[in-house]
Amino acid sequence: MMMPMAPIVQEPRPSEVLSLGGGVVPTGVSDVHLGLTPEGGEPILTGLGPLKSHNKLLIKQKLQTCEILTGCEQENRFTVTGAEGEILYWAKENSGCCDRFACGNIRSFDMSITDQTTNEVMRLFRPLTCQGCCCSALYPHCTQAMTVSVSGETVGTVRERATWWNPVYHVFDSVGNQVLKIRGPSCHFSLCDDVNFQVLDTDGVEVALIAKKWMGCFKETLTDADNFVIDFNEGLLLETKVLIFAATFLIDMMYFEMNN
């Protein structure tokens with residue numbers, strides 16, 4: 001008999017928790033610390049400035065000819081643009097060739113997010129962890145997680161929640177308090193339609209929507225290059241936007257990355 005799962009409000013701290021690295025950023029960290037502008041300054045297009053000023057992001061994975069022709073998985077690369085198509089960031093996966101070949105979409109990797117000046121503004125780290133129903137029941141030992149760092153300091157963690165049906169992620173801040181819940185559909189493949197993941201706050205109110213865009217039969221069948229759109233509600237804290245943005249890459253790797 002399946003027992004009901006208790007709600008999670010804090011990041012689990014088991015005896016053998018994965019080392020996620022980085023320091024701790026105090027709650028309510030200022031924009032100045034996050035690399036924006038001096039107090040009273042105008043918004044800028046470097047650092048986390050674009051993320052603060054945009055409420056719609058388009059994440060586009062680059063098609064790689066070598067991967068299409070050979071079927072050998074390459075390091076993923078993305079461009080992040082605003083609603084008008086202006087480039088805001090680049091994202092590049094860093095992983096080993098053997099990891100990509102042997103471990104597929106459960107591989108460990110870190111991802112560097114750089115701005116228009118090619119300076120790194122964010123780093124994401126996902127360790128190697130087993131994936132599947134048998135392991136997911138052993139929460140949090142065998143569930144997927146991603147750590148989010150800004151300027152070398154951890155600002156939060158995105159962790160898969162063990163569920164029986166819909167994919168669910170819990171998002172924790174730098175001190176381990178749950179701040180968001182991301183809930184996806186029971187079927188993550190939708191013919192000729194988008195796949196939506198709702199981002200909810202602790203009161204169950206939707207604060208953002210992550211949509212995996214349908215790109216047509218040819219691209220969906222022959223490639224694993226994916227496009228996402230993130231729509232943020234007005235007035236979201238910058239720290240919250242950072243964590244939602246980072247969660248999109250974990251969702252992509254888990255549900256939309258083919259194992260070649």
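Quantities reported herein were computed from a predicted structural model and do not represent experimental measurements. (Residues numbered from 1 in each chain as written. Predicted model: local features only at pLDDT ≥ 70, side-chain atom pairs only at ≥ 80, totals over all residues. Heavy atoms only, no water.)

Trainee: For this particular structure, what's the right way to read the nonpolar core?
Mentor: Counting 47 residues, the largest nonpolar core has I113, M122 and F249 as its most contacted members. Looking at this core element by element, the count peaks at 13 residues for helix α6 (residues 238-255). Beyond its immediate stretch of four places on either side in the chain, I113 contacts Y89, W90, A91, N119, E120, V121, M122, L124, F245 and F249. (Core = buried A, V, L, I, M, F, W, Y, C linked by side-chain atoms within 4.5 Å. Buried < 20%, exposed > 50% of the residue type's maximum accessible area, 1.4 Å probe, protein only. Helix = DSSP H or I, 4+ residues; strand = E, 2+ residues; numbered from the N terminus. Contact = heavy atoms within 4.5 Å.)

Trainee: Explain the side chain of S149 here, please?
Mentor: Among the secondary structure elements, S149 is positioned in strand β7 (residues 145-150). By relative accessible area, S149 is classed as buried at 15%. Not counting the four nearest positions on each side in its chain, S149 is found in contact with V121, M122, R123, T154 and V155.

Trainee: Any chance you could explain unusual backbone geometry here in plain terms?
Mentor: Phi angles above zero are rare outside glycine, and T118 is one such case at about 65°. Mapped onto the elements of the fold, T118 is located in the loop between β5 (109-114) and β6 (120-126). In this structure, S151 is a non-glycine residue whose phi angle is positive, near 55°. Relative to the helices and strands, S151 resides in the loop between β7 and β8 (153-161). With relative accessibility at 60%, the residue S151 sits in the exposed group.

Trainee: In this structure, what is going on with the pairing of β8? I would like to understand it.
Mentor: For a regular strand, the rule is simple: side chains alternate between the two faces of the sheet. Among the 9 residues in β8, 8 count as buried, and that is most of the element. Both β7 and β8 contribute to a ladder of 6 bridges, which runs antiparallel. Residue pairing across strands places V150 opposite E153, the latter belonging to β8. With 6 bridges connecting them, β8 and strand β9 (residues 168-173) associate as antiparallel partners. Note that in β9 the partner of T157 across the bridge is F172. Taken together, β8 and the strand that follows it, β9, pair antiparallel across an intervening segment of 6 residues. (Pairing = 2+ DSSP bridges.)

Trainee: What am I meant to see in the pattern of salt bridges here?
Mentor: Two side chains that carry opposite charge are able to pair once their charged atoms sit near each other. With the rule as written, the count across this model stands at 4 salt bridges. The closest approach of N and O atoms between D110 and R123, which form a salt bridge, is 2.6 Å. Of the two residues, D110 is situated in strand β5 and R123 in strand β6; the sequence distance between them amounts to 13 residues. A relative accessible area of 23% means that D110 is categorised as partly exposed. R123 sits in the partly exposed class, given a relative accessible area of 31%. Residue R123 pairs with E120 through a salt bridge whose shortest N-O separation is 2.6 Å. Its relative accessible area of 42% is what places E120 among the partly exposed residues. Among the charged side chains, a salt-bridge network with shared partners connects D110, E120 and R123. (Salt bridge = Lys/Arg side-chain N within 4 Å of Asp/Glu carboxyl O.)

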